[in-house]
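Residue-level structure breakdown
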Amino acid sequence: MVGRRVHGASRGPSSPTPTKLLVMSATHLCFFLLPQITRGENADQIPSNKRGGETKKFLRALYAKSPPPLCSHPVTRETQRSQVRCTRFMASDTGKKLMQIDVSSDTVCPWCFVGKKNLEKAMEQSKAKFDFEVRWHPFFLNPDAPKEGIRKSDFYKMKFGPVQFERATSRMTEIFRGLGLEYDMSGLTGNTMDSHRLITLAAHQGYDKQNALVEELFQSYFCQGKYIGDKQVLLDAARKVGIEGAEELLEDPSRGVDEVQEELNKHSSGISGVPHFVINGKYQLSGGQPPSTFMRAFEMAAKDGA
């Protein structure tokens, strides 16, 4: 199974490996929300011809009708060490096979919200066969973003130019409406550390609560124009889903930062873009995949563990 591409096309000598395909797809899919071309690389330090090439790649990916391929290859050694040791066959209390899904995500990435919705559709259609446990992990598209925030529209017009901004916004609006959501580009974008501290806290109170919190934060930011770095927005979301200790956490800006960093190192250090999904510690998918792709991955993971 190692290194095998699921879509079946043969790989010639000059074709990228499955690992590269996965990384490229992840980077391009979320490029619209990437204040930096890749994590840790400042756009101002990149030659203009490279910035232009990356923008063209982003537009091709954004307007493409086909999702990136599903690949199966080993997760990084750090990720393997961080995950619970499981037998090849995992079963829940109901007797169904258990799909454990680790998601690396940033709260300002629209494709992460799209991926979440499509994953949930796949889970709903597969619930007769499988049980699911979804666990969210941090990723920072722009770790140096200011805490006070900057207007979304101003930032992306400055970054990509007015024409590309309007085209990309129109396309994302269409995608969101297809999911029954309204894409709202009003409000601010900025630093996401506090949201990740809160999501990490929620995991200790149950993955269902954590998943509900992620939903509230996505709804607030993408559909209601609220700023993800606003303490009151975070507290309102935490109260709505019943997260305890949120106010104490957010009062201390250093509390929980080390744990977020540990999560980042364990689950997201080997990837270059989000959303990134790992199913049962082996099957990796990137981008806003359709429900059918997730369902196919569930079946492959189940057969692999039979």
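Look up a bit, the structure's there.
The paragraphs below set out a description of the structure included in this document. What you are looking at is a predicted structure, and each value in this text was computed from that prediction instead of being measured.

This part is about the state of the cysteines. Linking two cysteines covalently via their sulfur atoms produces the bond known as a disulfide. Under the counting rule described, the total for this entry stands at 0 disulfides. The thiol of Cys 112 is unpaired, and the distance to the nearest cysteine sulfur, on Cys 109, comes to 3.0 Å. Looking at Cys 112, the relative accessible area reads 1%, which means it is buried.

Right, let's get into empty space enclosed by the protein. In this structure the tally under the stated criterion is 2 cavities of 30 Å³ or more. In this structure, the largest cavity spans a volume of roughly 50 Å³. For the largest cavity, the full set of lining residues is Ser 105, Asp 106, Thr 107, Trp 136, His 137, Pro 138, His 196, Ile 199, Val 214 and Phe 218. Those elements that place two or more of their residues in the lining of the largest cavity are β4 (130-138), α7 (193-203) and α8 (207-223). Split by residue class, the lining of the largest cavity holds 5 nonpolar, 4 polar and 1 charged.

Before going further, it helps to examine the pattern of salt bridges. This model, assessed by the stated rule, comprises 18 salt bridges. Close ionic contact of Arg 239 with Glu 247 constitutes a salt bridge, the shortest N to O distance being 4.0 Å. Residue Arg 239 is classed as exposed on the basis of its relative accessible area, which comes to 52%. It is possible to trace a salt-bridge network through shared partners that takes in Lys 116, Lys 117, Glu 120 and Glu 215.

Looking now at the nonpolar core. With 60 residues, the main nonpolar core has Ile 101, Leu 213, Ile 279 and Phe 298 as its most contacted residues. Each residue touching Leu 213, except ones within four places of it in the same chain, is listed here: Leu 198, Ile 199, Ala 202, Ala 237, Ala 238, Val 241 and Ile 243.

With that settled, consider the pairing of strand β7 (residues 276-279). Here β7 shows a buried face lined by His 276 and Val 278 and a second buried face lined by Phe 277 and Ile 279. Across 4 bridges, the pairing between strand β3 (residues 97-105) and β7 is antiparallel. Each bridged residue has a counterpart across the sheet, and for Ile 101 the counterpart in β7 is Ile 279. Where β7 lies against strand β8 (residues 283-286), 4 bridges are found, and the strand directions are antiparallel. Paired with Ile 279 across the bridge in β8 is Tyr 283. Adjacent in sequence and paired antiparallel, β7 and β8 are bridged by 3 residues, among which Asn 280 carries a positive phi angle near 50°.

Along the polypeptide, Lys 116 turns up in helix α4 (residues 110-126). When neighbours within four sequence positions are excluded, Lys 116 is seen to be in contact with Trp 136, Asn 211, Val 214, Glu 215 and Phe 218.

On to α4, then. For an α-helix, 3.6 residues make a turn, and residues three or four places apart therefore share a direction. Taking 1.5 Å per residue, 17 residues should reach 24 Å; α4 reaches 25 Å between its end C-alpha atoms and fits that length. The buried fraction of α4 amounts to 13 of the 17 residues, a majority that puts the element mostly inside the structure.

For β3, the buried fraction is high: 8 of the 9 residues fall into the buried class. Note that β3 and β4 share 9 bridges and pair parallel. Of the residues in β4, the one forming a bridge with Lys 97 is Phe 130. Assessed by its sense of winding, the connection that carries the chain from β3 through α4 to β4 is right-handed.

Of the consecutive residues Val 274 and Pro 275, the connecting peptide bond is found in the cis state with omega at 5°. When you line up the elements, Pro 275 lands in the loop between α11 (257-267) and β7. One non-glycine residue, Asn 280, lies in the positive phi region at around 50°. Within the secondary structure, Asn 280 is located in the loop between β7 and β8.

Parameters at a glance
- Residues numbered from 1 in each chain as written.
- Predicted model: local features only at pLDDT ≥ 70, side-chain atom pairs only at ≥ 80, totals over all residues.
- Heavy atoms only, no water.
- Disulfide = S-S within 2.5 Å.
- Buried < 20%, exposed > 50% of the residue type's maximum accessible area, 1.4 Å probe, protein only.
- 1 Å grid on protein atoms, 1.4 Å probe; cavity = no way out; pocket = protein on both sides within 12 Å on 5 of 7 lines; lining within 4 Å.
- Points joined across faces, edges and corners; volume = space filled by probe spheres on them.
- Helix = DSSP H or I, 4+ residues; strand = E, 2+ residues; numbered from the N terminus.
- Nonpolar A, V, L, I, M, F, W, Y, C, P; charged D, E, K, R; others polar.
- Salt bridge = Lys/Arg side-chain N within 4 Å of Asp/Glu carboxyl O.
- Core = buried A, V, L, I, M, F, W, Y, C linked by side-chain atoms within 4.5 Å.
- Contact = heavy atoms within 4.5 Å.
- Pairing = 2+ DSSP bridges.
- Expected span 1.5 Å × (residues − 1).
- Right-handed = clockwise from strand over helix to strand, strands pointing away.

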